[in-house]
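Take a look at the letters that make up each chain.
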Amino acid sequence: MKKYVIGLDYGTDSVRAVLIDTENGSEITSSVSYYQRWKEGRYCNPSANSFRQHPSDHIEGLEKTISEVVRESGIPAEQIVSICIDTTGSSPLPVTNDGTALALLPGFEENPNAMMVLWKDHTAIREAEEINTLARTWGGEDYTKYEGGIYSSEWFWAKILHITRVDEAVKNAAYTWMEHCDYLTYLLSDHQDLSTFKRSRCAAGHKAMWHESWNGLPSEEFLNRLDPSLGELRAKLYKETYTSDEIAGYLNEEWAAKTGLTTQTIITVGTFDAHSGAVGARVEENTLIRIMGTSTCDIMVASQEAIEGTTVKGICGQVDGSVIPGLIGLEAGQSAFGDVLAWYKDILMWPVQQIMMHSGSISEEQKIRLADEMEAELIRKLTLEAEKIPLSDSVPIALDWVNGRRTPDADQELKAAVSHLSLGTKAPHIFKALVNAICFGAKKIVDRFEEEGVKINKVIGIGGVARKSPFIMQTLANVLDMPIAVAASDQTPALGAAVYAAVSAGIYPTVQEASMKMGSGFEAEYQPKAEEVQHYGELMQQYQKLADFVEYNTKLKNNRKELQNS
């Protein structure tokens, strides 16, 4: 009897389920669900870097996508043997003692603080600074050392500390907190004891300062110094963590009825989208996997021997088994990648939305048709014109920090900048400058890995940007001075989740073997062009000068504020 598995990939805007043949990794069918409340812009305040998502968006998408792939495939339910969920992270949410999301309860349905705090939310900058200061000064273990030495406002403890300080009602009503990937896995599972439920190793290790060398999470004493509520929370979390090739439970009766599957369907331990994406792209040692979407995550794996006790500075953690059991998973990334270009597109679309859409000169139908056409064509046209700009033309220098800097050396207070503007600067010149900037940010990550002794022999790009923009990928190859292969699958994270699901079901003995059998092939490779590599090297130096200037002045400004407040 053939066996199939389902991988669910929860991205920033939507969830997609793919039904995968375990023999060869081929996609049988897929289904996507967009988060309706998120699409409407509810519960978010971009000007304050506050981004929240209602769990109902995710639960509705869970039911819709799984039930659709089961129904449309026509495959008997008993042949669909396992499910694994990957999500964004760190994206924690508060829950009650029975695992109910707080935002599903009366009185909290419209409270953003009771919802999932999305990965890109930066409201906890002050709290992250407190964690970093305490870790370096309290006289005990530095719990940030396996997190790159800098704890980020994008991560678990900083976000929870912020919410508990600004919302007493949520603080008192929340029994505990769960990462997005753990919550959704728990929702499906028949294992409903929160105290023993298997939590994700990658989520805990990369975002919550969990490490086996200090017996789990940071000590109660350390957390109490931040806030006594965190010390209390620690006892309601977990001590052990589990890799995503393990069984978390079996599909419970409620969700078997909703999805059309059976209660014999295995529910695999959850994971993060970047980690499963690397598995879907057949990650191996000395290979950098770049998951390129709204932001980027850069994933590598290395043996214990290759790391030799090194703690790589300024990255998003190194965790045993977070990607492949038995190997150290290393994570880095950029807080904005595609988001940089989306931000620019939104600026250019402003007159369309604010002037054309209110014009009395054309009909409502024409307005909508024109707006849709411009929305669809803008980036394509900018790309075509940017490609034509000769190397001899003066192009502005830009920074990619429109959403702060994730790595190397997390600092979410940093802002983007553009220099070298002139009267000759046109829209395509600025677009090209922004493409250069996101590629220069990638170069800084590659340089940091290699400076710390982690050798990179191959780069693989996955995600929408990698597949849809040859211009960006060629620029990246020139900036990195490395060839870049592009994974052929549109659904590499979901495919990686399916790989984990196949191993948990006993179809393959190891993640490596399953990845090589089921993982994505490659559809393109970009080679650096020798005549352009030197040019981009010179532009990179100008990028670095601008980056140093902005970072210096940001720190100077913050120091002055601290002096004024003290």
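Residues numbered from 1 in each chain as written. Predicted model: local features only at pLDDT ≥ 70, side-chain atom pairs only at ≥ 80, totals over all residues. Heavy atoms only, no water.

Moving on, we get to helix 14 (residues 364–388). Along its 25 residues, helix 14 runs 36 Å from first to last C-alpha, staying within 8% of the 36 Å computed at 1.5 Å per residue. Along helix 14, the sharpest kink reaches roughly 40 degrees, centred on Glu 377. Residues of helix 14 that are buried: Lys 367, Ala 371, Leu 378, Leu 382, Thr 383 and Ala 386. If you follow the buried residues of helix 14, they end up packed against helix 13 (338–354), helix 15 (427–451) and helix 17 (470–480). (Helix = DSSP H or I, 4+ residues; strand = E, 2+ residues; numbered from the N terminus. Expected span 1.5 Å × (residues − 1). Bend = angle between axes of the 7 residues up to and from the residue. Buried < 20%, exposed > 50% of the residue type's maximum accessible area, 1.4 Å probe, protein only. Contact = heavy atoms within 4.5 Å.)

Those residues carrying the UniProt feature "domain: Carbohydrate kinase FGGY N-terminal" (unreviewed entry) are residues 4–280 in this numbering. Along residues 4–280, the helical share is 35% and the strand share 20%, with 16 Å between the first and last C-alpha atoms. (UniProt positions renumbered as here; feature names shortened; annotations may be inferred.)

Turning our eyes to something else, we now look at the side chain of Thr 554. Tracing the backbone through its elements, the reader meets Thr 554 in helix 20 (residues 530–565). Take Thr 554: its relative accessible area is 16%, and that puts it in the buried class. From its side chain, Thr 554 meets the backbone oxygen of Val 550 in a polar contact 2.7 Å long. Beyond its immediate stretch of four places on either side in the chain, Thr 554 contacts Glu 413 and Leu 414. (Polar contact = N/O pair within 3.5 Å; in protein donor to acceptor, adjacent residues only side chain to side chain.)

Per the UniProt record, "domain: Carbohydrate kinase FGGY C-terminal" (unreviewed entry) is found at residues 291–505. Span residues 291–505 is 47% helix and 15% strand, its end C-alpha atoms 26 Å apart.

Moving on to the nonpolar core. Within the largest apolar cluster, 64 residues are counted, with the highest numbers of intra-cluster contacts made by Leu 330, Phe 431, Phe 449, Ile 456, Met 473 and Leu 476. For this core, the element with the highest residue contribution is helix 15, accounting for 12 residues. Among residues more than four places away in sequence, those in contact with Ile 456 are Asn 286, Leu 288, Met 300, Val 446, Phe 449, Glu 450 and Met 482. By size, the runner-up hydrophobic cluster in this structure holds 41 residues, among which are Tyr 4, Tyr 10, Phe 51 and Ile 267. (Core = buried A, V, L, I, M, F, W, Y, C linked by side-chain atoms within 4.5 Å.)

Let's shift gears to a nonpolar patch on the surface. Side chains of Trp 343, Ile 347 and Val 402 sit close together on the surface and give an oily, nonpolar patch of about 250 Å² of accessible area. Looking at where Val 402 falls in the secondary structure, it is placed in the loop between strand 17 (397–398) and strand 18 (418–419). Judged by relative accessible area, Val 402 falls into the partly exposed class, the value being 32%. (Patch = residues over 30% accessible without salt bridge, like charges linked within 9 Å, V, L, I, M, F, W, Y side chains within 5 Å. Areas by Shrake-Rupley, 256 points an atom, 1.4 Å probe, with all protein chains shown as cover. Salt bridge = Lys/Arg side-chain N within 4 Å of Asp/Glu carboxyl O.)

Summarising burial for strand 16 (residues 328–334): seven of the seven residues are buried, a large majority. The alternating pattern of strand 16 places Ile 328, Leu 330, Ala 332 and Gln 334 and Gly 329, Glu 331 and Gly 333 on opposite faces, both of which are buried. In this sheet, strand 16 lies alongside strand 14 (residues 296–302) in antiparallel orientation, the contact comprising seven bridges. When the bridges of strand 16 are listed, Val 301 appears paired with Gly 329. (Pairing = 2+ DSSP bridges.)

The next point concerns the environment of Thr 259. Among the structural elements, Thr 259 can be located in helix 10 (residues 253–259). Measuring from C-alpha to C-alpha, the distance between Thr 259 and Val 70 comes to 7.4 Å, with 189 residues separating the pair along the chain. Excluding its chain neighbours within four sequence positions, the residues that come into contact with Thr 259 are Ile 66, Ser 67, Val 70 and Leu 251.

Taken together, the seven strands give an open sheet; going across it, the order is 15-16-14-13-19-20-21, and neighbouring strands pair in mixed fashion. Two strands lie at the open edges of the sheet, namely strand 15 (318–320) and strand 21 (522–526), each paired on one side alone. Taken over all neighbouring pairs, the strand axes of this sheet differ in orientation by 25 degrees on average, direction set aside. Inspection of the sheet shows strand 13 (residues 287–292) paired to strand 19 (residues 458–462) by five bridges, in the parallel sense. By the bridge assignment, Arg 290 is partnered in strand 19 with Gly 461. Strands in contact with helix 11 (residues 273–280) are strand 13, strand 14, strand 16 and strand 19; relative to strand 14, the strand with the most contacts, it is inclined by about 60 degrees. Running over the sheet, helix 17 touches strand 13, strand 19, strand 20 (484–487) and strand 21 and is turned about 145 degrees from strand 20. (Axes fitted to C-alpha atoms, helices over the stretch in contact; angles between N-to-C directions.)

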